[in-house]
Amino acid sequence: DPGVGQATPLGISYYNGDSAIVDTTILGPCLTAGMHYLYVRAKNDLGVWSVIDMDTLNVGGPMVAQPISFVGPDTVCFPNTITMIADSAVGVNYQWFESGSVIPGATFATYTTDTSGTFTLRQSCNGEVVFSNALTAIVNYVPEITFCPPPVAQNNDLGQCAATVTYPAAIAIGSTPPPVITYSQNSGTSFPVGTTTVYVVATNDCGIDSCQFDVVITDNENPVITGCPTNIAVNNDIGQCGAIVNWTLPTASDNCAIATFVSTHNSGDFFIVGTTTVTYTATDIYGNVSICTFDITITDNEPPAITCPPTANINTDIGFCHSTSAIGSPVTTDNCAVASVVLSNLGPYPVGTTTVTWTVTDIHGNVNTCNQDVVVTDNEPPAAICQNITVQLDATGNSSITAAQIDNGSSDPCGIQSLSVSPNTFTCANVGANTVTLTVTDNNGNVSTCNATVTVQDTVNPIALCQNINVQLDASGNASITASQIDNGSNDACGIQSLSVSPNTFTCTNIGA
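Not measured: the values here are computed from a predicted model.

Peer 1: What is the right way to read the overall build of the protein chain from this model?
Peer 2: For the protein chain, the count of helices and strands is two helices and 43 strands. Computed over its C-alpha atoms, the radius of gyration of the protein chain comes to 81 Å, more than 25% above the 24 Å expected for a compact globule of 513 residues. In terms of its C-alpha atoms, the protein chain occupies a principal-axis envelope of roughly 270 × 50 × 40 Å. Restricting the contact set of the protein chain to residue pairs at least 6 apart, pairs at least 24 apart contribute 56%. For the protein chain, the accessible surface area stands at approximately 29,300 Å², while carbon and sulfur atoms represent 51% of it.

Take a look at the structure:
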């Protein structure tokens, strides 16, 4: 520009005191092909311009796109921005594109963005259009975790107090390259029983984001009891209603740890007769429980002891041929307890010796017996009951009686063995009342007597034997006779008391037979 105002000014100036050194690339205006002139002028301190140099510029080829470059870093964190610039020239039209799409209003050589993208600058002049190189600007953000793994709940691995857990990867956005995600414990590793909080951290140059989730491992594996005894069966200890029992102790183990291992009974305890269930309970530190049980059966095979009472010597009950008297009781003991004492014969007991059996049974069915003799003596005499009788002598002057004639219902509870009477024969000498004794003997030799009166009667008339006689009247005409004159041997078994004859006097009126 020679200073006549016909040139297109170029936007460059430099001030450095009294001297100027210009060493730069100057973009000219949009020029057509052909010869163009370049003037360099300077203005002094007085405001006077002077042409200090000139040159010619021959434009002879197609338009060349000016490259774009970053003014500052190509990667920033929002809300920071990225500025891109191309050397500008007068008369050139500019349009910025992002990924091939027009950015409205971006029509300058400089463009500032707050979003990531790939940018190009279209440059047009005098109908020519060219595109710059492409620049990729990255505007990153503070990371944002858009997916945090959900809580994990699973059981322990068999035999382990832990479990291998695989969980999905977290997802975070906000930068290119994506944020780096780290975990406090990685997926695929072993997590202990209980709750482990996994912390997820997403990191990039703009900051961090975090989330967390719980991994809950449940120990559902029961403890293992080894060596649980089998059922034990033994007899009672002598004299005891039970027995001391020993066994080999079982052991307990667990994939984690045993909290308690207890039993309802201990080896060496005293167990009563019967069946007792022994239970071992193992509980691990997480409350899982296993039990083992076995039965201890104690059998009472010891019979009870019994001592019978001595021989019972008892009398018959009055009026009976037996006895209901007490015969005593046995003495019984048992290592456990006596359930019953039974007598084989409760009576009444007959006369003589009866052997009875006492049976004692304990509460577990063991039995023992002993025998006792019960000797019953009949010492009760029979009841002798007599009656008076009358008997007659026979023609020979004799008579006899039996005990049955005198007995008037004699009795004895055990029965009458025999009856006898004395005297039991009578003669003429016994005519009249005679006392006799009835002797009653029962079946056991007891004797009773009673007296009765036997009246002996002579009811047989004497035999009168007569003979005829002749008598003479005396001088007075009378005659008399005696009975003996007439008796011709009259007789009687019991004797003749008297003889008499009637009439025994005669007169003349009786002459003749």
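Picking up after the structure, the text goes on.
Peer 1: Looking at this structure, how should I read the sheet that holds strand E8 (residues 110-113)?
Peer 2: Adjacent strands of a sheet pair through backbone hydrogen bonds, lying either parallel or antiparallel. Ordered by their spatial adjacency, three strands build an open sheet running E3-E5-E8, and the pairing between neighbours is antiparallel. Strands at the two margins of the open sheet, each flanked by one partner only, are strand E3 (68-71) and E8. Here the strands of the sheet are splayed against their neighbours by 25° on average, with no regard to which way each runs. Sheet topology note: the E3/strand E5 (residues 82-86) ladder contains four bridges and is antiparallel. The partner of Val71 across the bridge, within E5, is Thr83.

Peer 1: Would you mind showing me how to read the state of the cysteines here?
Peer 2: Here, disulfide denotes a covalent bond that connects the sulfur atoms of two cysteines. In this structure the tally under the stated criterion is nine disulfides. Between the sulfur atoms of Cys77 and its disulfide partner Cys206 the distance amounts to 2.0 Å. With the S-S bond torsion at -95°, the cross-link from Cys77 to Cys206 turns out left-handed. Remark: Cys206 occurs in the loop between strand E18 (194-204) and strand E19 (207-218) and Cys77 occurs in strand E4 (residues 75-77); sequence separation between them is 129 residues. Exposure remark for Cys206: the relative accessible area of 16% places this residue in the buried category. There is a disulfide in this structure between Cys428 and Cys494, and the S-S distance comes to 2.0 Å. As the torsion about the S-S bond is roughly -75°, the Cys428-Cys494 disulfide counts as left-handed. Of the two residues, Cys428 is situated in the loop between strand E39 (425-427) and strand E40 (432-442) and Cys494 in the loop between helix H2 (483-486) and strand E43 (505-506); the sequence distance between them amounts to 66 residues. Owing to a relative accessible area of 23%, Cys428 belongs among the partly exposed residues under this scheme. Judged by its relative accessible area of 29%, Cys494 falls in the partly exposed class.

Peer 1: Even after reading the chapter, I still don't get the nonpolar core, so can you show me in this structure?
Peer 2: If you look at the biggest cluster of nonpolar residues, it comprises 21 residues, and the most contacted ones within it are Trp96, Tyr111 and Phe119. Listing elements by their share of this core, those giving two or more residues are E5, strand E6 (93-98), strand E9 (117-125) and strand E11 (135-140). Beyond its immediate sequence surroundings of up to four residues, Phe119 is in contact with Ile68, Met84, Trp96, Phe97, Glu98, Ile103, Tyr111, Thr113, Asn133, Ala134, Leu135 and Ala137. In terms of nonpolar packing, the next biggest core, distinct from the first, is built from 17 residues, Val198, Val200, Val215 and Ile217 among them.

Peer 1: Looking at this model, I keep getting lost on the confidence of the model for the protein chain. Mind explaining?
Peer 2: Detailed reading of the predicted model is not advised wherever pLDDT is low. Of the residues in the protein chain, 91% have a pLDDT of 70 or more, and the chain-wide mean is 92. Every residue in residues 1-6 scores below 50 in pLDDT, and together they form eight contacts with partners more than four places removed in sequence or on other chains.

Peer 1: What is the right way to read unusual backbone geometry from this model?
Peer 2: Trans peptide bonds make up the majority, and among non-glycine residues the majority have a negative phi. Pro177 follows Thr176 through a cis peptide bond whose omega is -5°. Considering the arrangement of structural elements, one finds Pro177 in the loop between strand E15 (171-173) and strand E16 (180-183). In this structure, the amide linkage connecting Ser502 to the following residue, Pro503, adopts the cis form with an omega of -5°. As for its position among the elements, Pro503 is in the loop between H2 and E43. The residue Ser99 is not glycine, and still its phi comes out positive at about 50°.

Peer 1: Which parts of the structure should I look at to understand the sheet that holds strand E26 (residues 274-284)?
Peer 2: One open sheet holds the four strands; their spatial order is E21-E27-E26-E24, and the pairing between them is mixed. This sheet does not close on itself; its edge strands, each paired only once, are strand E21 (232-235) and strand E24 (258-263). For this sheet, the mean inter-axis angle between neighbouring strands, taken without regard to orientation, is 15°. Inspection of the sheet shows E21 paired to strand E27 (residues 289-299) by four bridges, in the parallel sense. Bridging from a neighbouring strand, Asn235 pairs with Thr299 of E27.

Peer 1: Help me out: how do you make sense of the packing of aromatic side chains in this one?
Peer 2: The geometry of two aromatic rings is summed up by the distance between their centres and the angle between their planes. According to the stated counting rule, one finds ten aromatic pairs in the structure shown. Ring geometry for Trp247 and Phe294: centres 5.3 Å apart, planes at 75°, overall edge-to-face. One end of the pair, Trp247, is in the loop between strand E22 (242-244) and strand E23 (251-253); the other, Phe294, is in strand E27, and 47 residues separate them in sequence. Taking relative accessible area as the criterion, Trp247 reaches 10% and is therefore assigned buried. Grouped by ring-pair contacts, the aromatic residues Trp247, Phe261, Phe271, Tyr280 and Phe294 constitute a single cluster.

What counts, and where the lines are drawn
- For every chain, the first residue of the written sequence is number 1, and numbering continues from 1 along that sequence.
- Only residues with pLDDT of 70 or above have their local features reported here, since the model is predicted, and side-chain atom pairs are shown and tallied only from 80 upward, although totals for entire chains, interfaces and linings are computed over all residues.
- Only hydrogens and water are set aside; all other atoms, that is, all heavy atoms of the structure, feed into the side-chain values.
- Each helix corresponds to a stretch of at least 4 residues labelled H or I by DSSP, and each strand to a stretch of at least 2 residues labelled E; elements are numbered beginning at the N terminus.
- C-alpha atoms define the radius of gyration in this analysis, and the globule rule sets the expected value at 2.2 Å times the number of residues to the power 0.38.
- Whether two residues are in contact is decided by their heavy atoms: any pair within 4.5 Å suffices.
- All accessibility values rest on the Shrake-Rupley procedure with a 1.4 Å probe; residue burial counts only the protein chains present in the view.
- Note on pairing: DSSP must find at least two bridges between two strands before they are called paired.
- The axes used here are C-alpha line fits, helices contributing only the stretch in contact, and every angle between their N-to-C directions lies in the interval 0 to 180 degrees.
- In this description, the term disulfide denotes a pair of cysteine sulfurs within 2.5 Å.
- For every residue, the accessible area obtained with a 1.4 Å probe (protein chains only) is divided by the maximum for its type, and the residue is called buried under 20%, exposed over 50%, and partly exposed between those limits.
- In this description, a nonpolar core means a group of buried Ala, Val, Leu, Ile, Met, Phe, Trp, Tyr and Cys residues linked to one another through side-chain atoms lying within 4.5 Å.
- Known as pLDDT, the predictor's per-residue confidence is scaled from 0 to 100.
- Each Phe, Tyr or Trp ring (for Trp, its six-membered ring) is paired with any other whose centre lies within 6.5 Å, and the angle between the two planes then decides the class: stacked below 30 degrees, edge-to-face above 60, tilted in between.

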